[in-house]
Amino acid sequence: MASVVHTKPTPSFQSIVLALQVFWAKRGCTILQPYDMEVGAGTFHPGTLLRALGPEPWACAYVQPSRRPTDGRYGDNPNRLQHYYQFQVLLKPSPNEAQNLYIESLSDIGIDPRAHDLRFVEDDWESPTLGAWGLGWEVWCDGMEITQFTYFQQIGGIDCAPVSVELTYGLERLAMHIQGVDNVFDIDFNGAGVSYGEIFHQSEREFSISNFQYSNVKTLSRHFEDAEQECWVLLRGGLLFPAYDQCMKASHCFNLLDARGVLSVPERAAYISRVRGIVRACCEAWLSRRQTRQRA
Amino acid sequence: MPEFILEILSEEIPSCSQKRAADDLKRLVCSGLALSGLIVADHALTFVTPRRIVLVIADLPMFSPSMRKERRGPHVNASLSAIEGFFKANGITRAQAEIRQTPKGAFYFALMDQKGSMTATLLKQVVESTLADFPWSRSMRWGSTHESWIRPIRRILCLFEERTVPVQFAGVKASNVSEGHRFLAPVAFPVRAFRFYEESLRNAYVILDPAERVKRIREQAEGIAAAEGLTVISDDSLFAEIAGLVEWPVTLLGKIEKNFLNIPKEVIMTVMRVHQKALALLEADDTLAPNFLVVSNTETADNGQLIIAGNERVLQARLADAKLFWEQDSCQPLRHWGNKLTECIFHARLGTLADKVGRMRKLAAVVAECMPAAPLPLVDQAVLLAKADLATGMVGEFPELQGIMGRYYAWRDGAVQEVYNAIAEHYRPLGQSDSCPSAPVSVCVALADRIDTLIGFWILDEKPTGSKDPFALRRAVLTGMRLIIENGLRVPLFVIFRKAASLYRSAGVFDVRSLLRFFTDRLKAHLQEKGVRHDIIAAVLESGEDDDLVRLSSRVDALAHFIETQDGMNLLIAHRRAMSIVRREENKNRLASYREPVDVTLLGESAERALESQLVTVTKSCNDAVKAERFDDALRTLSQLRAPIDTFFECVKINSDNSRLKENRLRLLSHVGTVMGTVADFAKIKG
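Residues numbered from 1 in each chain as written. Chains lettered and ligands numbered in written order. Predicted model: local features only at pLDDT ≥ 70, side-chain atom pairs only at ≥ 80, totals over all residues.

1. Let's talk about the overall build of chain A
Helix and strand content of chain A: eight helices and nine strands. Relative to the globule expectation of 19 Å for 296 residues, the C-alpha radius of gyration of chain A, 20 Å, shows essentially globular dimensions. Projected onto the principal axes, the alpha-carbon positions of chain A cover approximately 60 × 50 × 30 Å. Considering chain A as a whole, with its 296 residues, one finds that 47% of them fall into the buried category. (Helix = DSSP H or I, 4+ residues; strand = E, 2+ residues; numbered from the N terminus. Rg over C-alpha atoms; globule rule 2.2 N^0.38 Å. Buried ≥ 20, exposed ≤ 12 C-beta atoms within 10 Å, placed from the backbone.)

What follows is the structure, given as structure tokens:
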């Protein structure tokens with residue numbers, strides 16, 4: 001294989017994150033912190049999911065640890081993790097120069113667009129649990145998918161107007177590509193001798209065992225039921241944000257159940273539609289509260 | 001004459017939508033202009049790249065022609081208010097209106113001269129309405145726009161006679177400016193004429209014509225391959241897809257590690273195609289080479305070294321995954337994976353894949369009875385293994401390898417050739433253009449699979465309707481029909497359908513005819529493509545009684561041939577004459593039916609008697625011929641009726657005053673129709 005030649009020192013994982021935060025802060029994004037709950041993707045963060053609805057302009061960026069129990073591989077697979085990081089940007093309304101801004105951001109983390117092959121390859125995004133869909137691309141850098149780029153059309157079954165654009169950088173993939181490593185655990189995390197594997201290898205292994213072997217189907221289904229119930233109760237009490245927390249909880253319980261491989265196709269569909277139901281109710285509550293806020 | 005250029009520059013358009021978008025743009029703009037009398041389709045050209053859809057029309061006149069338009073109004077006897085309303089709506093007086101006789105009576109007509117208008121003005125209207133109503137299968141909004149397009153529009157170039165046509169859409173105002181390649185020449189430049197435009201784009205690293213990009217990719221790929229002593233595995237659809245991903249194709253050669261080459265080559269090629277859109281290469285001895293070609297969209301200072309390294313790393317990781325699947329799948333015999341089908345849902349209401357295989361075994365046994373060349377034990381083994389690979393890791397990851405992996409795994413387990421080939425071939429033909437398997441075991445499994453699926457969805461009442469066919473049932477019917485026709489299979493479909501339905505617990509009474517209708521509809525389309533006349537096909541297929549597609553097909557062939565002969569023409573005329581008389585009488589007297597037997601004692605005239613006796617002879621030999629499926633003979637026999645019919649019409653007065661005589665003569669004619677109807681419905685044939 002051809003050797004990779006870098007002119008600048010190779011950025012560490014954390015310096016990639018820092019550079020992205022600085023880049024997007026300079027472009028007017030509010031830098032949020034990760035949401036403190038287990039979620040499957042950065043889209044669940046209320047800073048994206050709720051704020052992408054309604055007419056107010058909004059721009060934010062944040063790192064979000066994401067959990068996909070089914071992708072666990074006991075730390076044995078060089079590319080798959082059940083816990084990983086997304087760097088998420090949301091711009092509402094989507095600016096005309098969204099693609100150019102994104103490309104500029106890559107220069108800041110060591111990907112010179114004139115030295116690489118960057119491609120916007122069709123990828124329509126749909127999340128049945130969130131009742132959401134959008135059109136966009138996966139961005140390829142030399143054949144590696146490094147970012148999801150999506151113009152939200154609907155969330156919680158509600159039309160997005162104006163339309164937001166969501167950029168989701170897969171931080172591990174980006175770091176592997178930039179650092180030229182073949183195994184995610186070999187990523188240089190801090191530029192001073194700490195590797196990704198040192199921090200996460202053991203937890204990957206343990207969470208895989210826990211998710212695939214220990215997690216208890218009965219307990220999880222009960223947790224799901226409880227979260228769903230709680231969500232409706234809180235919504236009736238007019239407590240939107242606590243209610244939305246329960247959506248994330250329910251969604252994660254469903255993901256854990258899915259990882260146990262015990263759900264039949266119709267059961268799976270039924271769980272998805274139940275999560276969609278509470279997410280939708282929260283989105284509607286968010287929009288109606290917006291109107292009250294405006295009147296106040 | 002002046003030239004029109006339209007370029008819609010947007011963010012990246014999905015490769016698979018590009019060609020249709022360009023065609024639609026041309027069609028809609030040209031038909032919009034045609035409404036104003038500008039017939040330009042012959043001078044219109046379209047081009048498409050990942051970021052632009054372009055329409056160029058040479059030789060557009062400056063003005064659209066004046067046209068006379070006419071509008072039909074109310075009937076002359078319509079109410080006064082309707083008539084006055086019509087005059088008013090069209091701005092004419094009673095004197096200016098014209099009264100014309102039509103087959104439905106006399107009507108007022110308003111005639112208006114429409115003055116020609118400036119083409120530039122027309123273009124603005126036509127383009128704007130085309131963009132607003134563009135028939136995307138899926139489109140999107142962006143920013144604060146209400147309009148939609150396939151991806152956000154960034155620029156519109158719209159020029160007529162070197163001047164900007166001030167089109168406006170989705171917040172974008174048209175200009176005379178375009179821009180080049182996203183990375184290599186991201187600068188705007190003004191445009192005057194198409195030949196300069198194309199040239200400027202080329203200088204700005206954009207090849208406008210997709211066909212030229214395909215050609216370039218092919219030449220680059222073949223050049224690189226030849227230099228390495230290799231050949232490119234040609235894949236036209238992949239070339240076309242890649243051409244839709246790049247504006248400036250630059251093909252690069254990468255390596256893969258040799259130790260991956262012991263995975264089946266279909267797997268390697270699929271990994272390359274699915275994940276990287278990469279092209280595979282062959283060594284001189286036709287084995288897969290440890291290389292791949294990737295088509296990048298850019299030129300770099302290091303001649304693509306970084307790009308190659310990146311692609312190699314990604315492919316390496318994907319192949320490592322595939323290799324792991326191959327090794328894990330190989331730990332167990334294919335049978336073992338087959339046992340896991342109890343956990344795979346075929347359809348929520350139709351059970352698991354294991355249930356499906358169970359039904360297919362019983363159904364295939366019945367189909368095999370009609371196929372002496374398909375030995376039952378082999379058919380049964382093949383069915384048992386046909387779906388087993390769906391439970392393997394490899395097919396889970398790459399669904400397009402279904403059947404292909406099963407074939408490898410069964411071969412490795414020592415299955416016989418008929419069996420492992422059937423595992424791969426039972427999915428084929430994949431569609432209209434794919435070739436049809438002919439090995440009896442494969443055909444038998446393929447047919448049982450499709451019929452089981454069709455019956456299942458028919459029982460759920462999930463028949464395809466209109467454009468809705470989520471389970472691809474029409475394709476199952478089409479390919480099932482091809483399996484039968486192309487292999488000349490004599491299968492009694494009603495029997496097979498009923499058997500298949502009985503294997504579903506909840507079947508109840510199954511309407512075999514509704515499913516047969518779908519098969520005969522496909523057969524109809526198939527025969528039409530072969531050039532058989534529509535009416536001749538209808539004359540044979542429409543009764544829906546015969547469930548043997550091969551027999552139907554040979555009957556159509558015989559009839560098509562016969563109807564072209566002089567005998568055929570004459571018989572058809574005789575039939576038409578006889579039937580029109582019978583029908584007229586039946587219509588006159590609704591109670592009358594002339595199906596009753598002819599009363600021989602009432603046949604007085606010799607022409608009557610001659611026709612009757614010929615009818616008896618012909619009926620017998622025609623029935624024999626039909627039974628023996630000698631349809632040519634049957635038709636030739638029928639043509640012996642023509643002479644006695646003609647004589648009958650010449651010599652016998654049907655409208656006898658004696659009503660019993662008249663009825664008896666009509667019965668005689670009616671029976672001519674009946675015997676001819678045993679071969680085909682001649683009434684459907686146009687003369």
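2. Brief notes about helix 13 (residues 404–412) of chain B
Residue and element names in this part refer to chain B. Burial within helix 13 is extensive, with seven of its nine residues counted as buried. Ile404, Met405, Gly406, Arg407, Tyr408, Tyr409 and Ala410 are the residues of helix 13 that are buried. Against helix 7 (265–276), helix 8 (305–330), helix 9 (334–339), helix 11 (376–386), helix 12 (393–397) and helix 14 (417–425) lie the buried residues of helix 13. Once helix 13 ends, the next one or two residues include glycine 414, with phi positive near 90°. (Contact = placed C-beta atoms within 7 Å.)

3. What to know about unusual backbone geometry
For the bond running from Lys92(A) to Pro93(A), omega is -10°, close enough to zero to count as cis. Summarising the element assignment, Pro93(A) is placed in the loop between strand 3 (83–92) and helix 3 (98–108). Put simply, Arg428(B) and Pro429(B) share a cis peptide bond, and its omega is 0°. Position of Pro429(B) relative to the elements: it lies in the loop between helix 14 and helix 15 (440–459). A positive phi angle is found at Tyr205(B), which is not glycine, with a value near 60°. Among the secondary structure elements, Tyr205(B) is positioned in the loop between helix 4 (194–203) and helix 5 (210–227).

4. Details of the interface of chain A and chain B
Each partner contributes to the interface: chain A provides 33 residues, whereas chain B provides 36 residues. Counting residues per element, the ones that place at least two in the side of chain A that touches chain B are strand 4 (118–122), strand 6 (132–141), strand 7 (144–155) and helix 8 (265–295) of chain A. Ranked by residues supplied to the side of chain A that touches chain B, first place goes to strand 4 of chain A with four residues.

5. A short note on the pairing of strand 3 of chain A
A regular strand places its side chains so that they alternate between the two faces of the sheet. All names here are of chain A. Counting buried positions along strand 3 gives nine out of 10 residues, so the element sits mostly inside the fold. For strand 2 (residues 58–67) and strand 3, the ladder comprises 10 bridges, and the chain directions are antiparallel. What sits directly across from proline 65, in strand 3, is tyrosine 85. (Pairing = 2+ DSSP bridges.)

6. Quick notes on the domain arrangement of chain A
All names here are of chain A. Examined at the domain level, chain A breaks down into domain 1 (13–210) and domain 2 (216–295). One C-alpha centre belongs to domain 1, the other to domain 2; they are set 23 Å apart. Each partner contributes residues to the interface: domain 1 has 21 residues there, and domain 2 has 21 residues. Grouping the constituent residues of the side of domain 1 that touches domain 2 by class yields 11 nonpolar, seven polar and three charged. (Domains from an automatic or database assignment. Nonpolar A, V, L, I, M, F, W, Y, C, P; charged D, E, K, R; others polar.)

7. With respect to the sheet that holds strand 13 (residues 231–232) of chain B
Residues and elements named next belong to chain B. With antiparallel pairing, the four strands of this open sheet are ordered in space as 13-15-16-14. Looking at strand neighbours, the two that pair on one side only are strand 13 and strand 14 (250–255), the edges of this open sheet. Where strand 15 (residues 279–282) and strand 16 (residues 288–296) come together, three bridges link them in antiparallel fashion. Looking at strand 16, one finds that leucine 279 is bridged to leucine 293. Packed on one face of the sheet, helix 8 meets strand 14 and strand 16 and runs near 50° to strand 14. (Axes fitted to C-alpha atoms, helices over the stretch in contact; angles between N-to-C directions.)

8. Section: the environment of Leu447(B)
All names here are of chain B. Structurally, leucine 447 is set in helix 15. Residue leucine 447 is classed as buried on the basis of its C-beta count, with 26 C-beta atoms lying within 10 Å. Residues leucine 447 and leucine 483, 36 residues apart in the sequence, show an inter-C-alpha distance of 7.1 Å.

9. Description of the confidence of the model for chain B
For chain B, per-residue confidence averages 91 on the pLDDT scale, and 99% of positions sit at 70 or higher. For this predicted complex, the interface confidence comes out at an ipTM of 0.92, alongside a pTM of 0.78. (pLDDT = per-residue confidence, 0-100.)

10. Points about the nonpolar core
All names here are of chain B. With 270 residues, the main nonpolar core has Ala382, Cys444 and Val445 as its most contacted residues. Broken down by element, the residue count for this core peaks at 12 residues, all from helix 15. Setting aside chain neighbours within four positions, we find cysteine 444 in contact with Ala364, Val367, Ala368, Met371, Ala374 and Val379. (Core = buried A, V, L, I, M, F, W, Y, C linked by C-beta atoms within 7 Å.)

11. As for the confidence of the model for chain A
Do not read the predicted coordinates in detail wherever pLDDT is low. In this model, chain A carries a mean pLDDT of 93, and residues with pLDDT of at least 70 account for 95%. Between residues 1–6 of chain A, whose pLDDT stays under 50, and residues either more than four places distant or in other chains, the model counts nine contacts.

12. So, the sheet that holds strand 6 (residues 105–114) of chain B
Residues and elements named next belong to chain B. Overall, antiparallel pairing links the three strands, which are arranged 4-6-5 in an open sheet. With partners counted over all chains shown, the strands left at the sheet margins are strand 4 (67–75) and strand 5 (98–102), one partner each. Averaged over all pairs of adjacent strands, the angle between their axes in this sheet comes to 40°, without regard to strand direction. Judged from the seven bridges that link them, strand 4 and strand 6 form a sheet pairing that is antiparallel. Residue glutamate 70 lies in a different strand from strand 6, and its bridge partner there is leucine 111. Packed on one face of the sheet, helix 2 (residues 80–89) meets strand 4 and strand 6 and runs near 165° to strand 4.

13. Details of the environment of Gly488(B)
By the element assignment, Gly488(B) lies in the loop between helix 16 (473–486) and helix 17 (493–502). Along the backbone, Gly488(B) and Leu661(B) are 173 residues apart, and their C-alpha atoms lie at a distance of 49 Å.

14. Remarks on the packing of helix 10 (residues 353–369) of chain B against helix 15 of chain B
Two quantities define a packed helix pair, namely the angle between the axes and the distance from one axis to the other. All names here are of chain B. Following both chains from N to C, one finds helix 10 and helix 15 inclined at 125°, their axes separated by 8 Å at the closest point. Between helix 10 and helix 15, the angle falls in the class oblique. Considering only the axes of helix 10 and helix 15, their crossing is right-handed. Between helix 10 and helix 15, the residues in contact are Lys356, Arg359, Met360, Leu363, Ala364, Val367 and Ala368 and Cys444, Val445, Leu447, Ala448, Asp449, Ile451 and Asp452, respectively. A breakdown of the residues in the contact of helix 10 with helix 15 according to their chemical character gives 10 nonpolar, no polar and four charged. (Parallel < 35°, antiparallel > 145°, perpendicular 65-115°, else oblique. Left-handed = near helix turned anticlockwise from the far one by under 90°.)

15. Focus: the packing of helix 11 of chain B against helix 15 of chain B
Residue and element names in this part refer to chain B. Axis separation between helix 11 and helix 15 bottoms out at 9 Å; the angle between their running directions is 50°. Viewed along their axes, helix 11 and helix 15 adopt a mutual orientation that is oblique. By crossing handedness, the relation of helix 11 to helix 15 is classed as right-handed. Where helix 11 approaches helix 15, its residues Leu378, Val379, Ala382, Val383 and Ala386 are matched on the opposing element by Val441, Cys444, Val445 and Ala448. Residue composition of the contact of helix 11 with helix 15, grouped by class: nine nonpolar, no polar and no charged.

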